[in-house]
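Topology and contacts: notes
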Amino acid sequence: MKWDDVTLAILAACGCLTLLLAQISEVLSRLPQIIRAWRQVRNELNGGTEPGARNHSGSDGGQGES
């Protein structure tokens, strides 16, 4: 193995590590958006009502008067 091969291998490893760290940084910076989007998907799958809206829909006065 020549020194040129070792140098190229080290440069390739550093380049791959840099790319990996850049991708991890992108994912972590977008993580709050991903969490909000996931909550919105779950909300829509549960019928489109938010947890606080369930309490308001049942207290319209119709149940307590019977």
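Because the structure is predicted, anything quoted here is derived from the model rather than measured.

**What about the overall build of the protein chain?**
- The secondary structure content of the protein chain amounts to two helices and zero strands.
- The proportion of buried residues among the 66 residues of the protein chain is 2%.
- Taken as a whole, the protein chain presents about 6200 Å² of accessible surface, with 61% of it coming from carbon and sulfur.

**Observations regarding helix α1 (residues 3–45)**
- Taking 1.5 Å as the rise per residue, α1 with 43 residues should run 63 Å; its terminal C-alpha atoms sit 59 Å apart, in good agreement.
- At Leu31, α1 is bent by approximately 50°, the largest bend along its length, and proline Pro32 sits one to four residues beyond.
- Directly beyond the C-terminal end of α1, a positive phi value near 110° is found at Gly47.

**So, the pattern of salt bridges**
- What the rule picks out here adds up to one salt bridge.
- Across the pair Arg30 and Glu26 runs a salt bridge whose closest N-O atoms are separated by 3.3 Å. With Arg30 and Glu26 both in helix α1 and four residues apart, this pair spans about one turn of that helix.
- Judged by relative accessible area, Arg30 falls into the partly exposed class, the value being 46%.
- Its relative accessible area of 39% is what places Glu26 among the partly exposed residues.

**Quick notes on the state of the cysteines**
- In this structure the tally under the stated criterion is zero disulfides.
- Take Cys14: it sits in no disulfide, and the sulfur closest to it among the cysteines is that of Cys16, at 9.5 Å.
- With a relative accessible area of 44%, Cys14 lands in the partly exposed category.
- The exposed category is assigned to Cys16, whose relative accessible area is 53%.

**Brief notes about the confidence of the model for the protein chain**
- With 73% of its residues at a pLDDT of at least 70, the protein chain reaches an overall mean of 83.
- Contacts of residues 55–59 to residues separated by more than four positions or lying in other chains number one contact, the stretch itself having pLDDT below 50.

About the criteria used
Residues numbered from 1 in each chain as written. Predicted model: local features only at pLDDT ≥ 70, side-chain atom pairs only at ≥ 80, totals over all residues. Heavy atoms only, no water. Helix = DSSP H or I, 4+ residues; strand = E, 2+ residues; numbered from the N terminus. Buried < 20%, exposed > 50% of the residue type's maximum accessible area, 1.4 Å probe, protein only. Areas by Shrake-Rupley, 256 points an atom, 1.4 Å probe, with all protein chains shown as cover. Expected span 1.5 Å × (residues − 1). Bend = angle between axes of the 7 residues up to and from the residue. Salt bridge = Lys/Arg side-chain N within 4 Å of Asp/Glu carboxyl O. Disulfide = S-S within 2.5 Å. pLDDT = per-residue confidence, 0-100. Contact = heavy atoms within 4.5 Å.

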